Amino acid sequence: MLEYVVIDHPPLAPQACVGCTRQQGPTLDMQREILGYGRLYLCLRCAKNAARLFGLVDIGKVDQLEAYAEQVLGLERDLAVLTTERDTALTNFALSARSANTLAERVTELQDRCTHLESRIREEAEVSLSLVGGS
Ligand SMILES: [Zn+2]
């Protein structure tokens, strides 16, 4: 027995579900062809109906699970967007912190130079005053 494959759209003629002729949505490719008809596909709706008739599943629960799966996909998309925003914010924060550190180092350097220059000015003033006899 060939393995069935789930595909988005039936690509080969007649490009439709063998049960209902539907051509949209996820479709089971049954990996078989009938001469004069073409490839056999079974749509999700017909597969669910068959599963229900065989007593394999509770369709209400399947529908509920599908709705949950859609919600999870939406949440995963939201999470991906938020993760990207968070990463960008973290990068910007790191760059800002680096800039802040650089500025703080520059302020300290300038403060040290100011202190040094004040000291030199004071020394020069004392030398100048001593030359003119001041104290
Ligand atoms: Zn169908």
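This structure is a prediction, so every number in the text was calculated from the model and none was measured.

### Describing the sheet that holds strand β3 (residues 38-43)
1) Next: The three strands lie next to each other as β1-β2-β3, forming an open sheet whose pairing is antiparallel. One side of each edge strand has no neighbouring strand; the edge strands of this open sheet are β1 (5-7) and β3. Averaged over all neighbouring strand pairs, the angle between strand axes comes to 45°, with direction disregarded.
2) Next: For β1 and strand β2 (residues 27-34), the ladder comprises three bridges, and the chain directions are antiparallel.

### Some points on the environment of Ala51
1) Next: Mapped onto the elements of the fold, Ala51 is located in helix α1 (residues 44-53).
2) Next: Among the residues examined, Ala51 registers 14 C-beta atoms within 10 Å and is labelled partly exposed.
3) Next: As a C-alpha pair, Ala51 and Arg22 span 29 residues in sequence and 18 Å in three-dimensional space.
4) Next: In contact with Ala51, not counting residues within four places along its chain, are Leu56 and Val57.

### Description of unusual backbone geometry
1) Next: Put simply, Ala13 and Pro14 share a cis peptide bond, and its omega is 10°.
2) Next: Positioned with a positive phi, Thr21 is a non-glycine residue whose angle comes to about 65°.
3) Next: Within the secondary structure, Thr21 sits in the loop between β1 and β2.
4) Next: Even without glycine at this site, Gln31 takes up a positive phi of about 60°.

### Overview of helix α2 (residues 59-131)
1) Next: Relative to the 108 Å expected for 73 residues at 1.5 Å per residue, α2 spans 106 Å between its end C-alpha atoms, a close match to the ideal helical length.
2) Next: Within α2, only zero of the 73 residues are buried, which leaves it mostly out in the open.
3) Next: Positive backbone phi, at 85°, marks Gly133, one or two positions downstream of α2.

### Section: the pairing of β2
1) Next: Relative to β3, β2 is paired through five bridges, and the arrangement is antiparallel. What sits directly across from Leu28, in β3, is Leu42.
2) Next: Hairpin connection between β2 and β3: a loop of three residues separates the two successive antiparallel strands, and Gly36 in this loop has a positive phi of roughly 90°.

Conventions and cut-offs
Residues numbered from 1 in each chain as written. Predicted model: local features only at pLDDT ≥ 70, side-chain atom pairs only at ≥ 80, totals over all residues. Pairing = 2+ DSSP bridges. Helix = DSSP H or I, 4+ residues; strand = E, 2+ residues; numbered from the N terminus. Axes fitted to C-alpha atoms, helices over the stretch in contact; angles between N-to-C directions. Buried ≥ 20, exposed ≤ 12 C-beta atoms within 10 Å, placed from the backbone. Contact = placed C-beta atoms within 7 Å. Expected span 1.5 Å × (residues − 1).

Keep in mind that these numbers describe shape and distance, not what the molecule does.
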